[in-house]
Amino acid sequence: MAILAAPEATASTIYGMFDLFSSPGRDFLFITSGAAGTPRMRPYVVAGDGSPFRAANGIWVRPDHSLADCPPPDIVCIPDFFVNPGESVAGQYDAEAAWLKRAHDDGAMLASACSGAVLLGEAGLLDNREATIHWGYVETLTNNYPGVKVKPGQSLVLSGEAQRIVMAGGGSSWQDLALYLIARFVSLREAMEVAKVYMLQWHDMGQQPFAALMRFRQTDDAVINRCQKWAERNYRTPSPVTAMTKLSGLSERSFVRRPRT
């Protein structure tokens, strides 16, 4: 999991995300048993040429990787950026925008917090799509990216192919974003445990995407449930039905006839 940083980024969000994504599988066991478990996610900070820099609030950020040597991410998170509301940032983040576009083309999930959605726009990923951003930056999106449909009242907005773009509106909604990603890529139980450890409260609008996750699993059949979970993460696999049939251990005829709800 890559957390994309730049000098204009907010250090509290960068490292707050890092803490939450380091928690699944590790911290709840430590709190309840005294022995830390094995982390389920591997976050790292990536930025420009990889050199240390001072973030917008003066805190030093020491990236783990540069854009050039970053391991291929499954998920990319973009924290909020201090950019002038309403103004274009065209040309200021060309390297980051190109890197985001490549990561998305390679199948990564992209997630932004607050004004970080502007970098999704610079990567050409918001044209004619729904989006959300901090209320102070709505015009930054609508003035600069054609056809973007901003939903400022929503805490989280899912967009793009297979909902591989997710945006959090503003303020502390990056916490909703982190919990959503943990629920989607690890488990809903792990997300709830992280929320308990950090005493986080999901916002009302922020809970709706979690409910959507649960709707994908409308069966008590353990075999089909396992295949549904596999499909969520492997939707790009060629011949997915054949792969799920092998996973189920059933004949193709039996698998196709198996109730899904």
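Residues numbered from 1 in each chain as written. Predicted model: local features only at pLDDT ≥ 70, side-chain atom pairs only at ≥ 80, totals over all residues. Heavy atoms only, no water.

### Some thoughts on the overall build of the protein
Counting its regular elements, the protein contains 11 helices and 10 strands. Evaluated residue by residue, the protein yields a buried proportion of 48% over its 261 residues. Looking at the protein alone, contacts between residues at least 24 apart form 60% of all its contacts between residues at least 6 apart. Summed over all atoms, the accessible surface of the protein reaches about 12,600 Å², with 52% contributed by carbon and sulfur. (Helix = DSSP H or I, 4+ residues; strand = E, 2+ residues; numbered from the N terminus. Buried < 20%, exposed > 50% of the residue type's maximum accessible area, 1.4 Å probe, protein only. Contact = heavy atoms within 4.5 Å. Areas by Shrake-Rupley, 256 points an atom, 1.4 Å probe, with all protein chains shown as cover.)

### Side note on the sheet that holds strand S6 (residues 109-113)
Overall, mixed pairing links the six strands, which are arranged S2-S1-S5-S6-S10-S9 in an open sheet. Both edges of this open sheet fall to strand S2 (44-46) and strand S9 (156-159), since each of them pairs with a single strand only. Each strand axis lies, on average, 20° off the axis of its neighbour in the sheet, ignoring direction. Bridge count for strand S5 (residues 75-78) against S6 is four bridges, and the pairing is parallel. (Pairing = 2+ DSSP bridges. Axes fitted to C-alpha atoms, helices over the stretch in contact; angles between N-to-C directions.)

### What to know about the nonpolar core
Residues Leu 4, Phe 21, Trp 99, Leu 100, Leu 141, Leu 177 and Leu 181 are the most contacted members of the largest nonpolar core, which totals 73 residues. Top contributing element to this core by residue count: helix H6 (residues 173-185), with eight residues. Beyond its immediate chain neighbours, meaning those up to four positions away, Leu 181 contacts Phe 21, Ile 75, Cys 77, Met 109, Ala 111, Val 166 and Val 186. (Core = buried A, V, L, I, M, F, W, Y, C linked by side-chain atoms within 4.5 Å.)

### Overview of the pattern of salt bridges
Within the structure shown, the criterion is met by seven salt bridges. One salt bridge in this structure joins Lys 101 and Asp 105, with 2.9 Å as the shortest N-O distance. One end of the pair is Lys 101 and the other is Asp 105, both in helix H3 (residues 94-105) and four residues apart, which spans about a single turn. On the basis of relative accessibility, which here comes to 33%, the residue Lys 101 falls in the partly exposed class. With its nearest N and O atoms 3.9 Å apart, the salt bridge here joins Lys 151 to Glu 130. Residue Lys 151 is found in the loop between strand S8 (149-150) and S9, and its partner Glu 130 is found in strand S7 (residues 130-131); the two are separated by 21 residues along the sequence. Classification of Lys 151 as partly exposed rests on a relative accessible area of 32%. Since its relative accessible area comes to 34%, Glu 130 is described here as partly exposed. Taken together, the shared-partner salt bridges connect Arg 40, Arg 189, Glu 190 and Glu 193 into one network. (Salt bridge = Lys/Arg side-chain N within 4 Å of Asp/Glu carboxyl O.)

### Details of the environment of Pro 7
Residue position: Pro 7 is located in the loop between strand S1 (2-4) and helix H1 (11-22). For Pro 7, the residues in contact, after removing those within four places along its chain, are Phe 53, Arg 54, Ala 55 and Ala 56.

### As for H6
For H6, which comprises 13 residues, the first-to-last C-alpha distance of 18 Å matches the rise-based estimate of 18 Å (1.5 Å per residue) to within 8%. For H6, the buried fraction is high: 11 of the 13 residues fall into the buried class. The set of residues buried in H6 consists of Ser 173, Trp 174, Asp 176, Leu 177, Ala 178, Leu 179, Tyr 180, Leu 181, Ile 182, Ala 183 and Arg 184. (Expected span 1.5 Å × (residues − 1).)

### Observations regarding the pairing of S9
Residues of S9 alternate between two faces, with Leu 156 and Leu 158 on one and Val 157 and Ser 159 on the opposite face, all of them buried. Where S9 and strand S10 (residues 165-168) come together, four bridges link them in antiparallel fashion. Looking at the pairing, Leu 158 lines up with Val 166 of S10. In this antiparallel pair of consecutive strands, S9 and S10, the connection spans five residues, and Gly 160 shows a positive phi of 80°.

### Side note on the confidence of the model for the protein
For the protein, the mean per-residue pLDDT works out to 84, and 87% of the residues sit at or above 70. Across residues 205-218, confidence stays below pLDDT 50; counting only partners more than four residues off in sequence or on other chains, it has 29 contacts. (pLDDT = per-residue confidence, 0-100.)

### Examining the environment of Pro 72
Tracing the chain through its elements places Pro 72 in the loop between strand S4 (60-61) and S5. Look at Pro 72 and you get exposed, because its relative accessible area is 76%. Here the alpha-carbon distance between Pro 72 and Ala 2, two residues 70 residues apart in the chain, equals 8.6 Å.

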